[in-house]
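For reference, the chains in residue letters:
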Amino acid sequence: MILIFLIVVPLLAGIFSFAAGNNGKTLALVSSLVTLGIAGYLSAYSCCDTTQWSMEWIPRLGTQLSLMADGMGAMLCLLTAIVMLVVFIVNWNKEVEKPGAFYGLMLLSQAGITGVFLANDALLFYFFWELALIPVYFLCSQWGGERRVPVTFKFFVYTFVGSLMMLAGLIYLSLQTPGADAYSWANIVRAGSSLPAEQQQWVFWLIFIAFAIKMPIFPFHTWQPDTYEQSPTPVTIILSALMVKMGMFATLRWLIPVVPEGVAFWSETVIILSIIGIVYASCLAIVQTDLKRLIAYSSIAHMGLMSAAAFSQTQVGVHGLMVQMFNHGINIAGLWLIVSMVEQRWGTRDMTKLGGMAITAPLMAISLVIISLANIALPLTNGFIGEFMLFNGLFQSASSYSMVFMVIAGLGIILGAVYTLNMVQRTAYGNAVAAVVSKDLTVNEYIGLAIVIALIIVLGVYPAPLLDMTATAASVIVP
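Throughout what follows, the structure given in this document is the object of discussion. Treat the numbers as computed from the prediction; the structure is a model and nothing was measured. (Residues numbered from 1 in each chain as written. Predicted model: local features only at pLDDT ≥ 70, side-chain atom pairs only at ≥ 80, totals over all residues. Heavy atoms only, no water.)

A closer look at the nonpolar core
(1) Moving on: Core analysis: the biggest nonpolar cluster contains 167 residues, and Phe208, Phe211, Leu252 and Met322 have the highest contact counts within it.
(2) Moving on: If one sorts the elements of this core by residue count, helix α13 (residues 315-346) sits on top with 17 residues.
(3) Moving on: Aside from chain neighbours lying at most four places away, what touches Phe208 is Met215, Ile217, Thr251, Leu255, Val270 and Phe311. (Core = buried A, V, L, I, M, F, W, Y, C linked by side-chain atoms within 4.5 Å. Buried < 20%, exposed > 50% of the residue type's maximum accessible area, 1.4 Å probe, protein only. Helix = DSSP H or I, 4+ residues; strand = E, 2+ residues; numbered from the N terminus. Contact = heavy atoms within 4.5 Å.)

In structure tokens, the structure reads:
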């Protein structure tokens, strides 16, 4: 039942929030605290065992309400709970139009994302996949920037087309072994892996395109920078820290074990696309002056490295990917929070018009420096161990081009350091620019950033809990 509570608590809180009006913010904060407690308990338990729950749903279609949390699922539920809590804390003193609807949609999105990480039935997985998307669509289109309508339409079309292709692939697999549990994860794996290699190769793309769009990797990324730029920052955090992890998680859970021969056939192609994405996105990040677009391209580069490691088909690479999913979610959420604070105080995200944060807001500047160092995976920050394992996995892959892949992907580290340190230099140092609101961190902002920085330092110095939690799940995907 604990798995049900993880979904039902934000779901009910979200529904009630629409009627709560101005109290929607309080409801969201209480819901996120309860959810974090449940997710923390589940994570402690999932270090040793897998938690499952199921009941009949639509037997005639072969689908069940079936949930499952192994180490990877529990870790991502914990990430979701932490990020949502931090977002609600930092936005506690911010005014938002129609707060009941805004926080209601945020909580519905949380329920959908959590459901994706727990679903053990393919049709239920698709249901939650869409439940996570639809609230975000309304959040972007109602509370976004000036160009929100065309940008959100593009985002919706991209993801919806991918979702329909994935649904077609899952229906095709379920029809291979019809029955009362045709859509169960075990049955989908059995059906997919028993297909001839030629069929697995085209079923691979039918399913993978939805995940590639969600991550996103090159060339399926074009919706992302505009959507991040036009979305309100709390929504950008959901998109960047959590929803992109849905694509990566789904690749590990619903693609690699399902069509193993298709994965083996297309692995080099996906790694090449991922590495092109690393270099391409990093170069574009260097020339950006808008903080939001810089971080958006930085995220594409990081996801490219994670995608390449997923298809290296090595245990260390997949294990590192799981660790990095959590750490990237924490770090990118921290960067977006800083961007939001900068925009509120200086009235711009243009780095050519910023400077002197270290003088005007020293606590914010210190936070920016620590989170930026984690973003470039400096040792003793949480980004280091995961990125080290990703490169290790890429180097150990069976491809004859593994060395070339690793060297080109390694350029991403150098380019990442260039654009990240340049961002810190232009924002935090130099001549002080007059702020619209000359004020350092408020109490709630301080608490939110303190949670992020504590995780960066603790997991950087002592990553064992995260490694232990995900070790078994990694060994199941790559024995």
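Things to note about the side chain of His319
(1) Moving on: Within the fold, His319 resides in helix α13.
(2) Moving on: Here the side chain of His319 touches Leu467 through a polar contact of 3.0 Å, landing on its backbone oxygen.
(3) Moving on: Not counting residues within four places of it along the chain, the set of residues in contact with His319 comprises Met389, Leu467, Thr470, Ala471 and Ala474. (Polar contact = N/O pair within 3.5 Å; in protein donor to acceptor, adjacent residues only side chain to side chain.)

Describing the packing of helix α3 (residues 71-90) against helix α4 (residues 99-118)
(1) Moving on: Where α3 contacts α4, the axes come no closer than 9 Å and their chain directions differ by 165°. Overall, the two elements α3 and α4 adopt an arrangement that is roughly antiparallel. Considering how the two elements wind past one another, α3 and α4 form a crossing that is right-handed. Contacts between α3 and α4 involve Gly73, Leu76, Cys77, Thr80, Ala81, Met84, Val87 and Phe88 from the former and Tyr103, Met106, Leu107, Gln110, Ile113, Thr114, Phe117 and Leu118 from the latter.
(2) Moving on: Within the contact of α3 with α4, the residues separate by chemical class into twelve nonpolar, four polar and no charged. (Axes fitted to C-alpha atoms, helices over the stretch in contact; angles between N-to-C directions. Parallel < 35°, antiparallel > 145°, perpendicular 65-115°, else oblique. Left-handed = near helix turned anticlockwise from the far one by under 90°. Nonpolar A, V, L, I, M, F, W, Y, C, P; charged D, E, K, R; others polar.)

Remarks on the packing of aromatic side chains
(1) Moving on: On inspection of all chains with the given rule, the structure shows 27 aromatic pairs.
(2) Moving on: For the ring pair Phe117 and Phe249, a centre distance of 5.3 Å and an interplane angle of 80° mean the geometry is edge-to-face. Of this pair, Phe117 sits in helix α4 while Phe249 sits in helix α10 (residues 233-254), and the two are 132 residues apart along the sequence.
(3) Moving on: Aromatic pair Phe204 and Phe208: ring centres 5.2 Å apart, planes at 25°, arrangement stacked. Here Phe204 pairs with Phe208, and both are found in helix α8 (residues 197-214), just four residues apart, close to one helical turn. By the burial criterion, Phe204 is buried, and Phe208 matches it.
(4) Moving on: Through a chain of ring-to-ring contacts, the aromatic side chains of Phe204, Trp205, Phe208, Phe265, Trp266 and Phe311 assemble into a single cluster.
(5) Moving on: Positioned over the ring face of Trp92 is Lys25, at 5.7 Å from the centre of the ring. (Phe/Tyr/Trp six-rings, centres within 6.5 Å; stacked < 30°, edge-to-face > 60°. Lys NZ or Arg CZ within 6 Å of the ring centre and 35° of its normal.)

What to know about the pairing of strand β1 (residues 51-58)
(1) Moving on: Note: β1 against strand β2 (residues 63-69), seven bridges, orientation antiparallel. Across the sheet, Trp53 pairs through a bridge with Leu67, a residue of β2.
(2) Moving on: The antiparallel pairing of β1 with β2 creates a hairpin that spans four residues between the two strands, and Gly62 there sits at a positive phi of about 75°. (Pairing = 2+ DSSP bridges.)

A closer look at the environment of Gly329
(1) Moving on: Mapped onto the elements, Gly329 comes out in helix α13.
(2) Moving on: Gly329 gets classed as buried once you look at its relative accessible area, which sits at 0%.
(3) Moving on: As a C-alpha pair, Gly329 and Ile238 span 91 residues in sequence and 9.4 Å in three-dimensional space.

What to know about the pattern of salt bridges
(1) Moving on: Under the definition given, this model contains ten salt bridges.
(2) Moving on: In this structure, Asp70 engages Arg253 in a salt bridge whose closest nitrogen and oxygen atoms are separated by 2.6 Å. One end of the pair, Asp70, is in the loop between β2 and α3; the other, Arg253, is in helix α10, and 183 residues separate them in sequence. Residue Asp70 shares its accessibility class with Arg253, and that shared class is buried.
(3) Moving on: Here Glu343 ties to Arg349 by a salt bridge, and the two come within 3.1 Å at their closest N and O atoms. (Salt bridge = Lys/Arg side-chain N within 4 Å of Asp/Glu carboxyl O.)

Comments concerning the environment of Val404
(1) Moving on: Checked against the element boundaries, Val404 lands in helix α17 (residues 402-428).
(2) Moving on: Residues Val404 and Val161, spaced 243 residues apart in sequence, show a C-alpha to C-alpha distance of 34 Å.

A look at helix α12 (residues 291-310)
(1) Moving on: Helix length check: α12, at 20 residues, gives a terminal C-alpha distance of 29 Å against a target of 28 Å (1.5 Å per residue), a fit within 8%.
(2) Moving on: Burial analysis of α12 places 20 of its 20 residues in the buried class, the great majority of the element. (Expected span 1.5 Å × (residues − 1).)

Remarks on unusual backbone geometry
(1) Moving on: The step from Met215 to Pro216 runs through a cis peptide bond, and the omega angle for that step is -10°.
(2) Moving on: With respect to the helices and strands, Pro216 occurs in the loop between α8 and α9 (224-230).
(3) Moving on: A cis amide bond links Phe218 to the next residue, Pro219, at an omega of 0°.
(4) Moving on: Its place among the elements puts Pro219 in the loop between α8 and α9.
(5) Moving on: You will see that Lys98, though not glycine, has its phi angle at about 50°, which is positive.
(6) Moving on: Examined against the element boundaries, Lys98 turns out to sit in the loop between α3 and α4.
(7) Moving on: The phi torsion at Ala377 lies on the positive side, around 60°, for a residue other than glycine.
(8) Moving on: Within the fold, Ala377 resides in the loop between α15 (362-375) and α16 (382-396).

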